Amino acid sequence: MGVFSKYHRFHEAGEEANVNNVERFGVPAHSLFTSSKVISLHHRIEITDASEQVVYRAQSKAISLHDRTEIFDAAGNSIAKMWKKVFTLHERHFIEMADGTSFQLSNELWHLVKDVTNIEGLGWQLRGNIMALNFELYDSDGSVIAVIGQKMFSLHDKYCIDIYKPELEKPVVAILITLQHMIRDRENARAASSSSSSSSGN
């Protein structure tokens, strides 16, 4: 395990689960991993298992105001669709699962991911923030569903997710993909704001 293993939750495929996760929640049922190019017109994301076999794929439309994204399993079956609401004071992403279940994630714009993000429609909570690069997902009873860690200093957006309730894997994957989009949007907005400030200062 790396030097950040006590506080930073990311681990590579083939490595043991993060020591902090194991101490707090026990050994996860299994882990999944994602990797995507930072700059990609279609923003493709692949989700792999511990053997580095692709189990899910996510693809966004090249040009889409609503950031429409669809998630497929390894056989090509659609498992979820995600899109965001625009022109609102709150950053709001909607998710519709193939079985008809629907829910949404909402945050205020121009802020880091809040310490607590409610997943409306499921009663779940996502706890964590961008600066820590760690997120914990809890169900309505306060039991941990999954723990997400983002790799530091990587040329690719790389995440690992330790899953404690495997029967909830598909909505967890949809939430993970949505979280990656939310973080990307915030980074883009922050970069645009910094560029605008620099230009106005000249």
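Residues numbered from 1 in each chain as written. Predicted model: local features only at pLDDT ≥ 70, side-chain atom pairs only at ≥ 80, totals over all residues. Heavy atoms only, no water.

Moving on, we come to the overall build of the protein. Along the protein, the regular secondary structure elements total two helices and 12 strands. Secondary structure elements of the protein, listed N to C terminal, follow the sequence α-β-β-β-β-β-β-β-β-β-β-β-β-α. Going through the 202 residues of the protein one by one, you find that 43% of them count as buried. At a minimum sequence separation of 6, the contacts of the protein that also span at least 24 residues come to 36%. (Helix = DSSP H or I, 4+ residues; strand = E, 2+ residues; numbered from the N terminus. Buried < 20%, exposed > 50% of the residue type's maximum accessible area, 1.4 Å probe, protein only. Contact = heavy atoms within 4.5 Å.)

Attention now moves to the pairing of strand β2 (residues 45-48). With four bridges connecting them, β2 and strand β3 (residues 54-60) associate as antiparallel partners. Bridged to Ile-45 within β3 is Ala-58. Counting the residues in the hairpin turn of β2 and β3 gives five residues, including Glu-52, whose phi is positive at 65°. (Pairing = 2+ DSSP bridges.)

On inspection of all chains with the given rule, the structure shows six salt bridges. For the salt bridge of Lys-151 with Glu-12, the shortest nitrogen-to-oxygen distance reads 3.0 Å. Placement of Lys-151 in the loop between β11 (144-150) and β12 (156-163) and of Glu-12 in the segment before α1 (19-25) is noted, with a sequence separation of 139 residues between them. Taking the relative accessible area as the measure of exposure, Glu-12 reaches 25% and is therefore partly exposed. Via salt bridges that share partners, Glu-12, Lys-151 and Lys-158 belong to a single interconnected network. (Salt bridge = Lys/Arg side-chain N within 4 Å of Asp/Glu carboxyl O.)

One finds Ile-71, Ile-95, Ile-119, Leu-137, Ile-161 and Ile-175 to be the most contacted residues of the largest nonpolar core, which totals 33 residues. Excluding its chain neighbours within four sequence positions, the residues that come into contact with Ile-161 are His-30, Ser-31, Leu-32, Ala-146, Val-147, Ile-148, Val-172 and Leu-176. (Core = buried A, V, L, I, M, F, W, Y, C linked by side-chain atoms within 4.5 Å.)

Of note, the phi angle at Glu-52 is positive, near 65°, even though the residue is not glycine. Note on placement: Glu-52 falls in the loop between β2 and β3.

Position of Asp-162 among the secondary structure elements: in strand β12. Under the relative-accessibility criterion, Asp-162 is labelled buried at 0%. Engagement of the side chain of Asp-162 in a polar contact is seen with the side chain of His-11, the distance being 2.8 Å. A distance of 2.5 Å separates a polar atom in the side chain of Asp-162 from a polar atom in the side chain of Ser-31. In this structure, Asp-162 is in contact with His-11, Ala-17, Asn-18, Asn-21, Pro-28, His-30, Ser-31, Ile-145, Ala-146 and Val-147, ignoring residues within four places of it in sequence. (Polar contact = N/O pair within 3.5 Å; in protein donor to acceptor, adjacent residues only side chain to side chain.)

Taken over all residues, the pLDDT of the protein has a mean of 80, while the share at 70 or more is 68%. The secondary-structure element of the protein with the lowest mean pLDDT is helix α2 (residues 169-201), recorded at 74, while strand β4 (residues 69-73) shows the highest, at 94. (pLDDT = per-residue confidence, 0-100.)

This next bit is on the packing of aromatic side chains. Think of a pair of aromatic rings as described by two things: how far the centres are apart, and how the planes are tilted against each other in angle. As enumerated under the stated definition, the model contains three aromatic pairs in all. Residues Phe-25 and Tyr-164 carry aromatic rings whose centres are separated by 5.8 Å and whose planes lie at 70° to one another, so their mutual orientation is edge-to-face. A residue pair is termed long-range when its members are at least 10 positions apart, and Phe-25 in helix α1 and Tyr-164 in the loop between β12 and α2 qualify at 139 residues. Taking relative accessible area as the criterion, Phe-25 reaches 21% and is therefore assigned partly exposed. For the ring pair Trp-83 and Phe-94, a centre distance of 5.9 Å and an interplane angle of 20° mean the geometry is stacked. In this pair, Trp-83 sits in strand β5 (residues 78-85) while Phe-94 sits in strand β6 (residues 90-97), placing the two residues 11 residues apart along the sequence. Ring-pair connections join several aromatic residues into one group, and the members of that group are Phe-25, Tyr-138 and Tyr-164. Taking the ring centre of Tyr-138 as reference, the NZ or CZ of Arg-127 above it sits at 4.1 Å. (Phe/Tyr/Trp six-rings, centres within 6.5 Å; stacked < 30°, edge-to-face > 60°. Lys NZ or Arg CZ within 6 Å of the ring centre and 35° of its normal.)

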